[in-house]
2 protein chains.
Amino acid sequence: MDPLHALTLADVLREHARSWPERVATVDGERRITYRELQDRTCRLAHALAAVGVGPGDRMLWCGQNSARVLELLLAAAKLGAALCPANWRLSADELAFVIEDLEPAVTVWQEEEVGDAVRTARDATGAPGRWIAHDAPDEYEPFLAQGDPDDDFGDRDPAESVLFVYTSAWSGQPAAAMLSHTAVVTQGLVFGRAADIGPESVYLNSGPLFHLATAMQTFATFVAAGANVFTRRVDAEELCRLIDAERCTGAFLVGPTIKQILAVNADGRFDLKSLRTPAGKPAWTEMITVDTSPMARNPAGYGQTEVMGLLTTNLTAEPTVGTNGRALPGVQIRIVDPDDRDVPDGETGEIVARGATVMNGYWNRPDETARRLRGGWHHTNDLGRREVDGSISFIGPKARLIKSATENIYPAEVEATLASHPAVAECAVIGTPDRQWTQSVKAIVVLRDGETVTEAELVAHVRERIASYKKPRTVAFVDRLPRVGFAVDYDTLDEQFGGGGYPGGPGVGAR
Amino acid sequence: MDPLHALTLADVLREHARSWPERVATVDGERRITYRELQDRTCRLAHALAAVGVGPGDRMLWCGQNSARVLELLLAAAKLGAALCPANWRLSADELAFVIEDLEPAVTVWQEEEVGDAVRTARDATGAPGRWIAHDAPDEYEPFLAQGDPDDDFGDRDPAESVLFVYTSAWSGQPAAAMLSHTAVVTQGLVFGRAADIGPESVYLNSGPLFHLATAMQTFATFVAAGANVFTRRVDAEELCRLIDAERCTGAFLVGPTIKQILAVNADGRFDLKSLRTPAGKPAWTEMITVDTSPMARNPAGYGQTEVMGLLTTNLTAEPTVGTNGRALPGVQIRIVDPDDRDVPDGETGEIVARGATVMNGYWNRPDETARRLRGGWHHTNDLGRREVDGSISFIGPKARLIKSATENIYPAEVEATLASHPAVAECAVIGTPDRQWTQSVKAIVVLRDGETVTEAELVAHVRERIASYKKPRTVAFVDRLPRVGFAVDYDTLDEQFGGGGYPGGPGVGAR
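Remember, predicted model here, so these are calculated numbers, not experimental data.

A. Expanded view of the domain arrangement of chain A. Considered domain by domain, chain A is made up of domain 1 (3-180), domain 2 (235-297), domain 3 (316-387) and domain 4 (403-498). Of note, the centres of domain 1 of chain A and domain 2 of chain A, computed from C-alpha atoms alone, are 30 Å apart.

The structure is reproduced here in structure tokens:
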């Protein structure tokens, strides 16, 4: 490593403690912590963690709701060369047990309130590996932290080390943790901070889940910019209003239903939400907030995934684009490739691959999948996209299985999207059936909208008119509903029912 | 190196060619070049340069005025693993000969117009090492470039490699070239681009010297953001007006006298300069342009140097600061240290040291000075500063020589700045004289303003009231003028005339 040019998350905190000693870094309930205090507390915490055996390469697990301690633990991990994984607190005990066994955490910081039952069940099922600290038990987290020395800071670490683990299911069936480096977190902070106008005056309300980068990317960008992060355990519209008003929050993670609730709660305008910058909405909402004019808000679009530290593409100008998902963020490269990793021509569908500082180091404990996804020095997103004539990107859908027609590659997601654009189609799935002459041929399974009718020939024509002819279904089966596993279409069952098979690369290749 | 996470200047260009194929990258006279064309041209150029022997680690020299070819050559160097040094075109033939002998360029691209005489004299004096190409001779640069293959791109390079060399005199007497990496250029592009609101819609008028980072930092930030760079050979107020109007330039490098000329040239408003964002000025200027509202324009301040890729500190908020020079830019760390590299307490003066992605790799051909300046993994700026109580930084002045009074360090620049704040003092210099009891004592040499008088005792009291007592001069000598070498005060002559000596660390240590 090269300390002269290094910048870890711990280094970012060190400079903030020097540059912004009295600036509020985190607000969590009654607890307000400045950047100087955050530096002291994470020094203490890192010493306490080191004393129970946490060292370079170790993992720590967070099993709780939103809390400033997630950031604190991440920064302590950064000082130690360890990593933090914030787990989804909505996981079942079984799912959590899988995570604990997969991650083998040296320390698990968990929460009694709301999630204690699942955590205790999972802990008992896995034999409670490592040290367990209940962060909401008054005699556990704070006394533990208080042991360490705040003035004895730790030495340099390599910013290429993994510091943040985030589980993602975008993999063959089983969740896997994407390992993200200091450089990934810091660079995304700088780049996303630019796109979203996040600066030292930003106050971000952490109202979305911290185990998902849609929220956490903004948390870290606010931290990198020396702004303030306000944490709320979970979404409650009135509490969000109170916090936005009291802390003058400039940003928050809000989904449509929450905005509806806020509109109801604040119909009388008793909370002043004018500090909040969001996209315009209904007139009542637009009047209540300040319309966001940051570069990426002027023409909202984007594509990303956990493995690239969140956002990979967006629009930084207001001008219209051909593609639906913007262009590569500064700092990353994107190509669209065929299954042999050759660039496909502009306008043709292929897999989106990327490289740059924000790309993960790999999946924890999944060497084969890591090698497959990062082959040739490019991260393979398992997602399909198209480079349009103006250079912008359209995200097509998950790659899932590939269908082979002679030498041509057919991506079911692309054919499905084309079929779904027919007004009579409610939903559909596309499989490949073995074909002696063409290797495979395309079969569509279609659910029609209530009261609509359409023939097989009409649907085939609809597709042929819109994408390359070899991608059109040879046959169409009409069904009442598609078989599903959870939310996902169950392609294995469709293959069984409709004679699918003969996919290139053998079973499981290319499947999510 | 790690291709998955790498981003060289060549990679930035590759992605721009994919994402913004039809976007104008450079405008230079009649020649407008899109990002796709720039990718083709730099591929060609890199092949042509490789064919005359330019390879990894080689240097190329630019001896001309502003031109889009500076960016083109830098990007070709980036593909080859070589570096480009844009020389100061105002150098004398002797100074240029020094640069040629120091740099040993594999290729020198030079300009006949205006600078041809000096270049030819220097070339002949140095035996014309390497290949020489006159960029303004119709049968040289363009036919040379045209030989290469635009479709055969080069392989991955390590972004930690030096790609840009910039000579700086901030070193013991002799100029030295600071070696700046791809990462330094790209990171400063992202960070400065954020501070100055540079995006894909930015159009930067390169009207300042490209051999100085004050201009070049903005050039590269505009390139990194996929904006357009407009080049003008040298400053001509009417031509600048024409270009701003015609190209809708959003930024330009303008000094006070140029603004005065523009106000005169455009008094009748025949050029529309409203696209240009600059700080507010006289009412006539403020009406002519658009007032810059970028983060760093709201409370202008800054400190930097060539060795850190330009800017190191600025204000990103409008709020007042105690320090005069803002805070560390995101991505760098700053400390204020004593001569033994220990942190001095806040509020005390010491040397500004920095680390981060924008710090140079070292000085070309100066291993000893490089080791001294980069010792302990921190770049020593040779500049004095102070960390104020709110964490902001005040730049005090060049470190120059250190005076030792018992165990205390006294920086002449700090004492000189305090003396100069007295209304009777026109200019002054401070030296150390040997002192048996205290190692050294402080002596001030002062030039008074015309018609002003002041006594030694009054000046000593003026200093004692403002900074630590041990820093005050023991004696003051009044002179008519200070001896100088060029612009710089000649401290060696002052030492001789006024009995200076006994400096810690031996001769030359700490001198600029």
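Picking up where we left off.
B. Expanded view of the confidence of the model for chain A. Residues and elements named next belong to chain A. Averaged over all residues, the pLDDT of chain A is 93; the fraction at 70 or higher stands at 97%. Counting interchain partners and residues more than four positions distant, the pLDDT-below-50 stretch residues 506-512 has 17 contacts. Across the whole predicted complex the pTM is 0.87, and at the interface the ipTM reaches 0.86.

C. View of unusual backbone geometry. Residue and element names in this part refer to chain B. The backbone of glutamate 114 sits at a positive phi, close to 70°, despite the residue not being glycine. Taking relative accessible area as the criterion, glutamate 114 reaches 46% and is therefore assigned partly exposed. Of note, alanine 128 is a non-glycine position whose phi angle comes to about 50°, a positive value. Relative to the helices and strands, alanine 128 resides in the loop between α5 (116-126) and β6 (131-134). By relative accessible area, alanine 128 is classed as partly exposed at 29%.

D. A look at the packing of helix α1 (residues 9-19) of chain B against helix α3 (residues 68-80) of chain B. All names here are of chain B. Running from N to C, α1 and α3 point in directions that differ by 110°, and their axes come no closer than 8 Å. For the element pair α1 / α3, the angle class is roughly perpendicular. On the side of α1, the interface is formed by Leu9, Ala10, Leu13 and Arg14, while α3 contributes Leu74, Leu75, Ala78 and Lys79. Taken together, the residues that form the contact of α1 with α3 break down as six nonpolar, no polar and two charged.

E. Layout of the relation of the copies chain B and chain A. Each copy of the sequence occupies a distinct position, and chain B is placed on chain A by a rotation of 180° and an axial shift of 0.1 Å, giving an RMSD of 0.2 Å. Between the two chains, the operation in question is that of a two-fold axis. Identified as the residue of chain B closest to the rotation axis by C-alpha distance is arginine 194 of chain B, at 2.6 Å. A shared binding surface is used by both copies, with 100% of the interface residues of chain B retained as interface residues in chain A.

F. Just the sheet that holds strand β2 (residues 31-34) of chain B, in detail. Residue and element names in this part refer to chain B. Across the sheet, five strands lie side by side as β2-β1-β10-β9-β11; this open sheet has mixed pairing. The sheet is open, and its two edges are formed by β2 and β11 (251-252), each paired on a single side. Two elements, strand β9 (residues 203-206) and β11, share two bridges in a ladder whose sense is parallel. In the strand pairing of β11, tyrosine 204 is matched with glycine 251. In the packing of helix α8 (residues 213-224) onto the sheet, contacts are made with β9 and β10 (228-231), and the angle to β9 comes to roughly 150°.

G. Examining the pattern of salt bridges more closely. What the rule picks out here adds up to 82 salt bridges over all chains. Put simply, aspartate 156 of chain A and arginine 355 of chain B hold a salt bridge, and the shortest N to O gap is 3.0 Å. A residue pair is termed interchain when its members come from two chains, as with aspartate 156 of chain A in the loop between α6 (141-146) and β7 (162-168) and arginine 355 of chain B in strand β18 (residues 349-356). Here arginine 335 of chain A ties to aspartate 343 of chain A by a salt bridge, and the two come within 3.0 Å at their closest N and O atoms. Accessibility expressed as a relative area gives 14% for arginine 335 of chain A, which makes it buried. Look at aspartate 343 of chain A and you get partly exposed, because its relative accessible area is 48%. Here the residues in one salt-bridge network are Arg31, Arg41, Arg69, Glu72 and Glu142 of chain A, joined through shared partners.

H. Looking closely at the pairing of strand β14 (residues 302-305) of chain B. Residues and elements named next belong to chain B. Here β14 shows one buried face, formed by Tyr303 and Gln305, and one open face, formed by Gly302 and Gly304. Sheet topology note: the β14/strand β15 (residues 310-314) ladder contains four bridges and is antiparallel. Counted as the bridge partner of glycine 304 is leucine 311 from β15. With antiparallel pairing between neighbouring strands as the criterion, β14 and β15 make up a hairpin whose turn holds four residues, including methionine 309 at a positive phi of roughly 65°.

I. Highlighting the pairing of β2 of chain B. Residue and element names in this part refer to chain B. In terms of strand pairing, strand β1 (residues 24-28) meets β2 through four bridges, oriented antiparallel. From the neighbouring strand, threonine 26 faces β2, where its bridge partner is isoleucine 33. Hairpin connection of β1 to β2: two residues between the antiparallel strands, including glycine 29 at a positive phi of 65°.

J. Up close: the interface of chain B and chain A. In this complex, chain B contributes 54 residues to the contact, which on the side of chain A involves 54 residues. Counting across the interface, chain B meets chain A through 12 salt bridges. Between chain B and chain A we count 30 residue pairs in polar contact (both at pLDDT 80 or more) in total. Residue assignment for the side of chain B that touches chain A shows that the elements contributing at least two residues are α1, α7 (182-195), β16 (327-328), β17 (332-337), β18 and β20 (379-387) of chain B. A class-by-class count of the residues in the side of chain B that touches chain A yields 23 nonpolar, 13 polar and 18 charged.

K. Just the packing of aromatic side chains, in detail. Residue and element names in this part refer to chain A. Per the stated rule, a full pass over the model turns up six aromatic pairs over all chains. On the numbers, 5.1 Å between centres and 25° between planes, the contact of tyrosine 303 with phenylalanine 395 is stacked. Within this pair, whereas tyrosine 303 is found in strand β14 (residues 302-305), its partner phenylalanine 395 is found in strand β21 (residues 393-398), the two being separated by 92 residues in sequence. The exposure class assigned to tyrosine 303 is buried, which follows from its relative accessible area of 4%. The class of phenylalanine 395 is partly exposed, set by a relative accessible area of 33%. In this arrangement the basic side chain of arginine 335 is found over the ring face of tryptophan 378, its NZ or CZ atom lying 4.7 Å from the centre.

L. Quick peek at the sheet that holds β21 of chain A. In spatial order, the strands read β17-β18-β20-β21 (chain A); together these four strands make up an open sheet with antiparallel pairing. Of all strands in the sheet, those bounded by a partner on one side alone are β17 (332-337) and β21 of chain A. Put simply, the sheet's adjacent strands are angled 45° from each other on average, direction ignored. Of the pairings in the sheet, the one linking strand β20 (residues 379-387) of chain A to β21 of chain A comprises five bridges and is antiparallel in character. Along β21 of chain A, the bridge assignment pairs aspartate 383 of chain A with proline 398 of chain A. Packed onto the sheet, α1 of chain B meets β17 and β20 of chain A and runs at close to 50° relative to β17 of chain A.

M. Region of interest: the nonpolar core. Core analysis: the largest hydrophobic core is formed by 167 residues, its most contacted members being Leu49, Leu164 and Phe223 of chain A together with Leu49, Leu164 and Phe223 of chain B. Setting aside its immediate chain neighbours within four residues, leucine 164 of chain B contacts Leu74, Ala83, Leu84, Pro86, Ala178, Met179, Leu180, Val185, Leu213, Phe220 and Met309 of chain B.

N. Structural view of the packing of α1 of chain B against helix α2 (residues 35-51) of chain B. Residues and elements named next belong to chain B. Across the interface, α1 lies against α2 with an axial gap of 7 Å and an inter-helix angle of 135°. Looking at the two axes, α1 sits oblique to α2. Here α1 runs over α2; the crossing is left-handed. Residues Leu13, Arg14, His16 and Ala17 of α1 form the contact with α2, whose participating residues are Tyr35, Arg36, Leu38, Gln39 and Thr42. Taken together, the residues that form the contact of α1 with α2 break down as four nonpolar, three polar and two charged.

O. Broad picture of the state of the cysteines. Overall, the coordinates contain zero disulfides over all chains when judged by the stated rule. The thiol sulfur of cysteine 249 of chain B is not disulfide-bonded, and the nearest other cysteine sulfur, from cysteine 241 of chain B, lies at 11 Å.

P. The arrangement of helix α10 (residues 256-265) of chain A in detail. All names here are of chain A. Taken residue by residue, α10 has Thr258, Ile262 and Leu263 as its buried positions. On an axial view of α10, the arc spanned by its buried residues comes to 145°, and they lie on one face. In this structure, α10 carries Pro257, Lys260 and Ala264 as exposed residues pointing more than 90 degrees from its buried face. Contact partners of the buried residues in α10: α9 (237-247) and α11 (283-288).

Q. Local environment of the side chain of aspartate 11 of chain A. Secondary-structure assignment places aspartate 11 of chain A in helix α1 (residues 9-19). On the accessibility criterion, aspartate 11 of chain A (3% relative accessible area) is buried. Looking at aspartate 11 of chain A, its side chain comes within polar contact range of the side chain of arginine 14 of chain A, at 2.8 Å. Ignoring any residue separated from it by four or fewer positions in sequence, one finds aspartate 11 of chain A in contact with Ala6 of chain A together with Gln333 of chain B.

R. Structural detail: α3 of chain B. All names here are of chain B. Along its 13 residues, α3 runs 19 Å from first to last C-alpha, staying within 8% of the 18 Å computed at 1.5 Å per residue. Of all 13 residues in α3, 13 are buried; the element is thus mostly enclosed. Following α3 by one or two positions, glycine 81 adopts a phi angle in the positive range, close to 80°.

Thresholds applied
- Residues numbered from 1 in each chain as written.
- Chains lettered and ligands numbered in written order.
- Predicted model: local features only at pLDDT ≥ 70, side-chain atom pairs only at ≥ 80, totals over all residues.
- Heavy atoms only, no water.
- Domains from an automatic or database assignment.
- pLDDT = per-residue confidence, 0-100.
- Contact = heavy atoms within 4.5 Å.
- Buried < 20%, exposed > 50% of the residue type's maximum accessible area, 1.4 Å probe, protein only.
- Helix = DSSP H or I, 4+ residues; strand = E, 2+ residues; numbered from the N terminus.
- Axes fitted to C-alpha atoms, helices over the stretch in contact; angles between N-to-C directions.
- Parallel < 35°, antiparallel > 145°, perpendicular 65-115°, else oblique.
- Nonpolar A, V, L, I, M, F, W, Y, C, P; charged D, E, K, R; others polar.
- Least-squares fit on C-alpha atoms with pLDDT ≥ 70 in both.
- Pairing = 2+ DSSP bridges.
- Salt bridge = Lys/Arg side-chain N within 4 Å of Asp/Glu carboxyl O.
- Polar contact = N/O pair within 3.5 Å; in protein donor to acceptor, adjacent residues only side chain to side chain.
- Phe/Tyr/Trp six-rings, centres within 6.5 Å; stacked < 30°, edge-to-face > 60°.
- Lys NZ or Arg CZ within 6 Å of the ring centre and 35° of its normal.
- Core = buried A, V, L, I, M, F, W, Y, C linked by side-chain atoms within 4.5 Å.
- Left-handed = near helix turned anticlockwise from the far one by under 90°.
- Disulfide = S-S within 2.5 Å.
- Arc of directions from axis to C-beta.
- Expected span 1.5 Å × (residues − 1).

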